[in-house]
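Below are the chains, spelled out letter by letter.
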Amino acid sequence: MFKGFGRRQKKSVLENNELTTGIVQHPVTLRWQTWISFTGNDIQCITAHNQREDANRVAKQMADAWSQGKYQTGEEVTTFIKSLPTDAVIDPLPQDIVMQLSQQALSARK
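Remember, it's a predicted structure, so these values are computed and weren't measured experimentally.

So, how was this worked out
Residues numbered from 1 in each chain as written. Predicted model: local features only at pLDDT ≥ 70, side-chain atom pairs only at ≥ 80, totals over all residues. Heavy atoms only, no water. Helix = DSSP H or I, 4+ residues; strand = E, 2+ residues; numbered from the N terminus. Buried < 20%, exposed > 50% of the residue type's maximum accessible area, 1.4 Å probe, protein only. Contact = heavy atoms within 4.5 Å. Areas by Shrake-Rupley, 256 points an atom, 1.4 Å probe, with all protein chains shown as cover. Pairing = 2+ DSSP bridges. Axes fitted to C-alpha atoms, helices over the stretch in contact; angles between N-to-C directions.

(A) Structural context of the overall build of the protein chain. Looking only at helices and strands, the protein chain features three helices and three strands. Secondary structure elements in the protein chain, listed N-terminal to C-terminal, are β-β-β-α-α-α. Counting every position in the protein chain, which comprises 110 residues, the buried fraction comes to 31%. In the protein chain, 54% of the contacts between residues at least 6 apart in sequence involve partners at least 24 apart. When the accessible area of the protein chain is evaluated, it comes to approximately 7,700 Å², of which 50% is carbon and sulfur surface.

(B) Main features of the side chain of H49. Here H49 lies in strand β3 (residues 44-49). Discounting chain neighbours no more than four positions away, the residues touching H49 are R31, W32, T34, D54, A55, V58, P85, T86 and D87.

(C) Quick peek at the environment of Q44. By the element assignment, Q44 lies in strand β3. Sequence-wise, Q44 and T34 are ten residues apart; in three dimensions their C-alpha atoms are separated by 8.4 Å. Other than its neighbours up to four places away in sequence, Q44 contacts T34, W35 and I36.

(D) Expanded view of the sheet that holds strand β1 (residues 20-25). Pairing is antiparallel in the open sheet, where three strands are placed in the order β1-β2-β3. Each edge of the open sheet is held by one strand with a lone partner, namely β1 and β3. In this sheet, neighbouring strand axes are inclined to one another by 25° on average, regardless of whether the strands run parallel or antiparallel. Inspection of the sheet shows strand β2 (residues 32-37) paired to β3 by five bridges, in the antiparallel sense. In the strand pairing of β3, Q33 is matched with A48.

Just geometry here; none of it tells us what the structure is for.
Here you go:
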């Protein structure tokens, strides 16, 4: 039984220092948004692009930087993310799409 306020913490499906990333097309703006997850449950959109190729390039840049271990501290990660090119403001995704992305992150882990 769950007591109290707030949300229960979801268990991470990814290992420490593991990241999953991808792109998704926003259903209203039709812009391509890059996203990352450090747990498989926390989907965060990072950039928005008019062209799919641009979003793919940024997602690859994020994955490459992470796999090379370039950024070790939260401050370094934040600075890197802020430096990524974007064409527009990031619009929130509908909950059903966020859940689909979370499932993708989980299935990519298997």
